[in-house]
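Chain and residue survey
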Amino acid sequence: MNEALQNLLTRRSCRKYKSEQIKPEELDAILEAGTYAPTGMGRQSPVMVVLQKAEDVAEVEKLNAAVIGNEDAKTFYGAPTVIVVFGDGSVPFGVSDGNLVIGNLLNAANAVGVDSCYIWRAKESFETEKGKALMKKWGIPETYRGVGNVILGYGVPEGKREALPRKDGYVIRV
């Protein structure tokens, strides 16, 4: 099977990580793939913020966990790297473009041997006063919206599950 297709079929979310930080060259390759995601009218409007300092990851994780009502929840599962993806809310497809970036990040991570997971709640996290303050600190314009968080690291076996069988009716041919 084609290597690219094999990569798409074997990627799995990981929910438990070693504390070891990913290699800079792996991160660079993953981020570059994110910049090549398709975007509406080629605007390249999404923005990725990379967090690798433990205190920065913990700060955003706390915002994320607060959305579910438990600031102590470990919603990033111990991953040492987090990429927060923002989409430009001032263009009709800006947030959707952010999701395409996330898809590229997840698949690129798998391709270079890094485990990942898409963590929701970035929208709600960055609508809070603390979230808005972080965006301002990072230089993210007010028109941008949180799309999602991509956590990265080296997973442990119990952090991964086998793929579920594909559901009936997933594809309808007309």
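Attention in this report is confined to the structure presented alongside it. (Residues numbered from 1 in each chain as written. Predicted model: local features only at pLDDT ≥ 70, side-chain atom pairs only at ≥ 80, totals over all residues. Heavy atoms only, no water.)

Spatially, β1-β2-β4-β3 is the arrangement adopted by the four strands of the open sheet, whose pairing is antiparallel. The sheet is open, and its two edges are formed by β1 (47-51) and β3 (115-119), each paired on a single side. Neighbour-to-neighbour, the strand axes of the sheet open up by a mean angle of 25°, direction not taken into account. Across five bridges, the pairing between β1 and strand β2 (residues 81-88) is antiparallel. What sits directly across from Val50, in β2, is Ile83. Relative to β1, helix α2 (residues 24-35) is tilted by about 165°, and along the sheet it contacts β1, β2 and β4 (144-153). The strands touched by helix α4 (residues 94-111) are β1, β2, β3 and β4; relative to β4, the strand with the most contacts, the crossing angle is about 5°. (Pairing = 2+ DSSP bridges. Helix = DSSP H or I, 4+ residues; strand = E, 2+ residues; numbered from the N terminus. Axes fitted to C-alpha atoms, helices over the stretch in contact; angles between N-to-C directions. Contact = heavy atoms within 4.5 Å.)

A word on the packing of α2 against α4. Two numbers describe how α2 lies on α4: the axes approach to 8 Å, and their chain directions differ by 145°. Here α2 runs over α4; the crossing is right-handed. From α2, Ile30, Leu31, Ala33 and Gly34 reach across to α4, where they touch Val101, Asn104, Leu105, Ala108 and Ala109. Here the residues of the contact of α2 with α4 sort into seven nonpolar, two polar and no charged. (Left-handed = near helix turned anticlockwise from the far one by under 90°. Nonpolar A, V, L, I, M, F, W, Y, C, P; charged D, E, K, R; others polar.)

Scanning the model with the defined rule gives four aromatic pairs in all. Look at Phe86 and Phe126: their rings are 5.0 Å apart centre to centre, the planes differ by 70°, and that puts the pair in the edge-to-face class. Placement of the pair is Phe86 in strand β2 and Phe126 in the loop between α5 (122-125) and α6 (129-138), with a sequence separation of 40 residues. The exposure classification of Phe86 matches that of Phe126, with both residues buried. Taking the centre distance of 5.9 Å and the plane angle of 50° together, the rings of Phe126 and Trp138 count as tilted. (Phe/Tyr/Trp six-rings, centres within 6.5 Å; stacked < 30°, edge-to-face > 60°. Buried < 20%, exposed > 50% of the residue type's maximum accessible area, 1.4 Å probe, protein only.)

Applying the stated rule across the entire model yields four salt bridges. Among the salt bridges present, the one from Lys16 reaches Glu158, with a minimum N-O distance of 3.4 Å. Residue Lys16 is found in the loop between α1 (3-10) and α2, and its partner Glu158 is found in the segment after β4; the two are separated by 142 residues along the sequence. The closest approach of N and O atoms between Lys160 and Asp115, which form a salt bridge, is 3.1 Å. Taken together, the residues span a long stretch of sequence, with Lys160 in the segment after β4 and Asp115 in strand β3 at a distance of 45 residues. The exposure class of Lys160 is partly exposed, given its relative accessible area of 37%. You can call Asp115 buried: its relative accessible area is 14%. (Salt bridge = Lys/Arg side-chain N within 4 Å of Asp/Glu carboxyl O.)

Here the focus is the side chain of Arg11. Residue position: Arg11 is located in the loop between α1 and α2. Nearest to the buried, unbridged Arg11 among oppositely charged side chains is Asp115, at 8.1 Å. Setting aside residues no more than four positions away along its own chain, Arg11 makes contact with Leu106, Asn107, Asn110 and Ser116. (Lys, Arg positive; Asp, Glu negative; His and termini not counted.)

Empty space within the largest pocket amounts to approximately 310 Å³. What lines the largest pocket is simply Leu8, Leu9, Arg12, Ser13, Arg15, Arg161, Glu162, Ala163, Leu164 and Arg166. Classifying every residue of the lining of the largest pocket by side-chain character gives four nonpolar, one polar and five charged. By volume, the second largest pocket is sized at about 220 Å³. If you trace the second largest pocket, you find it lined by Lys123, Phe126, Glu127, Lys132, Met135, Lys136, Ile140, Pro141, Glu142, Tyr144, Arg145 and Gly146. Listing elements by their share of the lining of the second largest pocket, those giving two or more residues are α6 and β4. Of the residues in the lining of the second largest pocket, the class split is five nonpolar, one polar and six charged. (1 Å grid on protein atoms, 1.4 Å probe; cavity = no way out; pocket = protein on both sides within 12 Å on 5 of 7 lines; lining within 4 Å. Points joined across faces, edges and corners; volume = space filled by probe spheres on them.)

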